[in-house]
Amino acid sequence: MARAVWADTVVAESDDVVVVDGFTYFPKQQVNWQLLEASDHRSACPWKGKARYYSIKVTGSTNIDAAWEYPEPKPAASMVRDRIGFWRGVRIEP
């Protein structure tokens, strides 16, 4: 079971993860959405598409834009559809 952990708090946990470009993507339904807040930040990847970001809030601390998703990934990146990736200090535990 893989876990995404930040500030000693499990943000996501699942047996069904995919790794793309070195990042672990968790199914959206396995993410603790009470800890995430939508961000205005957006980015684009030439082969995955446009990304939407979320900040993680845990016990008064915020990790800005530490999670993201590709709501409409390009065909080559279909494996990240309905999944959330993490970075910026979010630890992925096997």
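The structure this text deals with has already been given above.
A few points on the structure. Owing to the predicted nature of the structure, the values given are computational and were not obtained by experimental measurement.

Let's talk about the packing of aromatic side chains
Two numbers describe a pair of aromatic rings. These are the distance of the centres and the angle of the planes. Overall, the coordinates contain seven aromatic pairs when judged by the stated rule. When the ring of F23 is compared with that of W87, the centres are 6.4 Å apart and the planes differ by 85 degrees; the resulting orientation is edge-to-face. On the criterion of sequence distance, the pair formed by F23 in strand β4 (residues 23-27) and W87 in the loop between β8 (83-86) and β9 (91-93) is long-range, its members being 64 residues apart. Given the relative accessible area of 30%, W87 is considered partly exposed. Where Y25 meets W68, the ring centres are 5.7 Å apart and the plane angle is 85 degrees; that geometry is what we call edge-to-face.

Considering the nonpolar core
Among the nonpolar cores identified, the biggest contains 17 residues, and V11, F26, V31, L36, I56, F86 and V90 are the most heavily contacted of them. Those elements giving two or more residues to this core turn out to be β1 (2-6), β2 (9-14), β6 (49-58), β7 (61-69) and β8. If near-sequence neighbours (up to four positions away) are discounted, V90 is found in contact with A4, V5, W6, I56, N63 and A66. Core analysis: the second largest hydrophobic core is formed by nine residues, V20, Y25, W68 and Y70 among them.

Describing the pattern of salt bridges
Using the criterion set out here, one finds seven salt bridges in the structure. Among the salt bridges present, the one from K48 reaches D21, with a minimum N-O distance of 2.8 Å. Here the residue K48 occupies a position in the loop between β5 (36-45) and β6, and D21 occupies one in the loop between β3 (18-20) and β4, the gap between them amounting to 27 residues. On the accessibility criterion, K48 (5% relative accessible area) is buried. Residue R91 is joined to E93 by a salt bridge in which the shortest nitrogen-to-oxygen separation is 2.8 Å.

So, how was this worked out
Numbers given for residues are sequential positions, taken from 1 along each chain in its written order. Only residues with pLDDT of at least 70 are given local features in this predicted model, and only at 80 or more are side-chain atom pairs given and counted; all residues enter the totals for whole chains, interfaces and linings. Hydrogens and water molecules were not included; the side-chain quantities draw on all heavy atoms of the structure. Between the rings of Phe, Tyr and Trp (Trp by its six-membered ring), a pair exists once the centres lie within 6.5 Å; its type follows the angle of the planes, with under 30 degrees stacked, over 60 edge-to-face, and the other angles tilted. Secondary structure follows DSSP: runs of H or I at least 4 residues long count as helices, runs of E at least 2 residues long count as strands, and numbering of each begins at the N terminus. Burial here depends on accessible area, computed with a 1.4 Å probe over protein chains only, as a share of the maximum for the residue type. Under 20% is buried, over 50% is exposed, and the range in between is partly exposed. The nonpolar core is taken to be a set of buried Ala, Val, Leu, Ile, Met, Phe, Trp, Tyr and Cys residues, with the residues joined through side-chain atoms within 4.5 Å. Note on contacts: a residue pair qualifies if any of its non-hydrogen atoms lie within 4.5 Å across the two residues. Put simply, a salt bridge is a Lys or Arg side-chain nitrogen that is within 4 Å of an Asp or Glu carboxyl oxygen.

What is shown is where atoms sit, not what they do.
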